[in-house]
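Listed here are the chains, written in short residue letters.
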Amino acid sequence: MSFIAVFMLNIPALSVHSCRFALTAGAGQWDIGRCRAVHPTGVAMTTLLTTHDVARIVETLGLPEVLSRMVGNLEADFRRWGEFEKSARLASHSEVGVIELMPVSDAREYSFKYVNGHPRNTREGLPTVMAFGVLADVDTGMPTLFSELTLTTAIRTAATSVMAARLLARPFSRTMALIGNGAQSEFQALAFHHLLGIEEVRLYDVDPRATDKLARHLATVPGLRVVRCASTAEAVRGADIVTTVTADKANATILTAGMLEPGMHVNAVGGDCPGKTELEAAVLERGRVFVEFEPQTRIEGDLQQMPADFAVTELWRVLDGSAPGRSGPEEVTVFDSVGFALEDYSALRLLRECAGELGLGRDAGLIPDLADPKDLYGHLTGTLPAAVRAA
């Protein structure tokens, strides 16, 4: 049995939010359907969320809560895997980086993310990764949300890593090696600490300044021991989980099979486009490999090194019980994570939920408020008939 609820949330800049929710009896959870900002005139609007809005969400709710809710959204959407129209992202590559579009949709909503990856950007005072995303109503094509995703991508990537590790790492894992201490590293460390119980992180980066930055940010986190290491091999030795999150666009060998120990879980995050890898091919041969969307990972992930018939398991199958996760305490597992559009849809849903709760967002001004939806020219030039203007 299900019920439909329609209610209004006060958003100062937009006046109201009109939302439809479906509640399934006994489930104890709201399943968010369509939610759109509405101007006081009754015209549908596109809500804009900026980096300041996302920072306010994290400040108000706390990063552990935002990460936990992000994992919840991810798990819910991955369990609906079959309901989504999926494709590998569209990528435009250059010698110094990549610009990508990442679309996904179900019967109700369409989502996409624009994102780049330019490792040299830090020399120019720019982030390596910059992103924004859109939610749109499938029935009308109306964009309902336009949001920053630079900060949010870091949160969703760490949450995706935790979602995979819950299924693939040994229970009661307490130590993680973190190779690559750049912009994503704090989010990985904090997500694994708060949501998976990691008590010690072992840090290594070829740039000691990056490790300085990460160690400084983690120094005051209660219950988390931070150990600086002189090499990848030293950081990995004895770790339950190994996270690699390096940025260079190169076929690198960050982790070798000789560094693996029985029972390790490898969370490989940095290899995410053609010609950019982190793992020696023998690492993939040594363990069972899990991916997000196989057609995309074969092009972009560390999996690009392997033959086309190399066996992998998509993560959604472990979540819905159609495929096994870790088979025993001695097994080595590898999550070859490249980032998939469904994760950004989950993230945009969460931003919309939190913005509604906290009264954040304003009209993006993307869609004209037309007195006559067939008269774009009149709106542009101000030559609408007087009777239409008066109405």
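Everything quoted here is computed from the prediction, not taken from an experiment.

Draft legend 1. Representation of the pairing of strand β9 (residues 109-117) within the structure. By the bridge criterion, eight bridges tie strand β8 (residues 98-105) to β9 in an arrangement that is antiparallel. Residue pairing across strands places M102 opposite K113, the latter belonging to β9.

Draft legend 2. Representation of the side chain of T277 in the model. Mapped onto the fold, T277 is located in strand β18 (residues 277-279). The exposure class of T277 is buried, given its relative accessible area of 3%. In contact with T277, other than residues within four places in its own chain, are A250, N251, A252, G271, G301, D302, Q304 and Q305.

Draft legend 3. Seen up close, the sheet that holds strand β15 (residues 241-244). In spatial order, the strands read β14-β13-β12-β15-β17-β21-β19-β20; together these eight strands make up an open sheet with parallel pairing. In this open sheet, the two strands that pair with only one neighbour each are β14 (225-228) and β20 (313-314). Bridging between strand β17 (residues 265-268) and strand β21 (residues 333-336) involves four bridges; their strand directions are parallel. Looking across to β21, one finds that A268 is bridged to D336. Here helix α3 (residues 150-168) sits on the sheet in contact with β17, β19 (288-291) and β21, set at roughly 155° to β21. Sheet strands in contact with helix α5 (residues 208-218) are β12 (175-179), β13 (200-204) and β14, and its direction is about 165° off that of β14.

Draft legend 4. Main features of helix α10 (residues 341-358). Look at α10: 26 Å from first C-alpha to last across 18 residues, which is about the 26 Å you get at 1.5 Å a residue. Within α10, 16 of the 18 residues are buried, which leaves it mostly tucked inside the rest of the structure.

Draft legend 5. Spotlight on the environment of A154. For A154, the position within the fold is in helix α3. Look at A154 and you get buried, because its relative accessible area is 10%. The spacing of A154 and S185 is 31 residues in sequence and 8.9 Å in space, taken between C-alpha atoms. Excluding residues that lie within four positions of it along the chain, A154 makes contacts with Q184 and F187.

Draft legend 6. Structural context of the nonpolar core. Core analysis: the biggest nonpolar cluster contains 64 residues, and F192, V201 and L218 have the highest contact counts within it. Element by element, the count of residues in this core is highest for α10, at nine residues. Those residues in contact with V201 that lie beyond four places of it in its chain are M176, A189, L218, L224, R225, V226 and V227. Counting 27 residues, the second-largest nonpolar core is a separate cluster that includes I254, L279, F310 and V334.

Draft legend 7. Summary view of the pattern of salt bridges. Overall, the coordinates contain 24 salt bridges when judged by the stated rule. In this structure, D106 and R80 form a salt bridge, with 3.3 Å as the shortest nitrogen-oxygen distance. Of the two residues, D106 is situated in the loop between β8 and β9 and R80 in the loop between α2 (63-78) and β6 (85-86); the sequence distance between them amounts to 26 residues. Its relative accessible area of 17% is what places R80 among the buried residues. For R298, the salt bridge is made with E294, and the minimal N-O distance between the two is 2.8 Å. With R298 and E294 both in helix α8 (residues 294-300) and four residues apart, this pair spans about one turn of that helix. Taking the relative accessible area as the measure of exposure, E294 reaches 25% and is therefore partly exposed. By sharing partners, the salt bridges in this structure join R69, D77, R80, E83, D106, R349, E353 and E357 into a single network.

Draft legend 8. Geometry of the packing of α3 against α10. At their nearest, the axes of α3 and α10 sit 10 Å apart, and the two run at 115° to each other. The interaxial crossing formed by α3 with α10 has right-handed handedness. Residues T152, T153, R156 and T160 of α3 pack against E343, D344, A347 and L351 of α10. The class makeup of the residues in the contact of α3 with α10 is two nonpolar, three polar and three charged.

Parameters at a glance
Residues numbered from 1 in each chain as written. Predicted model: local features only at pLDDT ≥ 70, side-chain atom pairs only at ≥ 80, totals over all residues. Heavy atoms only, no water. Pairing = 2+ DSSP bridges. Helix = DSSP H or I, 4+ residues; strand = E, 2+ residues; numbered from the N terminus. Buried < 20%, exposed > 50% of the residue type's maximum accessible area, 1.4 Å probe, protein only. Contact = heavy atoms within 4.5 Å. Axes fitted to C-alpha atoms, helices over the stretch in contact; angles between N-to-C directions. Expected span 1.5 Å × (residues − 1). Core = buried A, V, L, I, M, F, W, Y, C linked by side-chain atoms within 4.5 Å. Salt bridge = Lys/Arg side-chain N within 4 Å of Asp/Glu carboxyl O. Left-handed = near helix turned anticlockwise from the far one by under 90°. Nonpolar A, V, L, I, M, F, W, Y, C, P; charged D, E, K, R; others polar.

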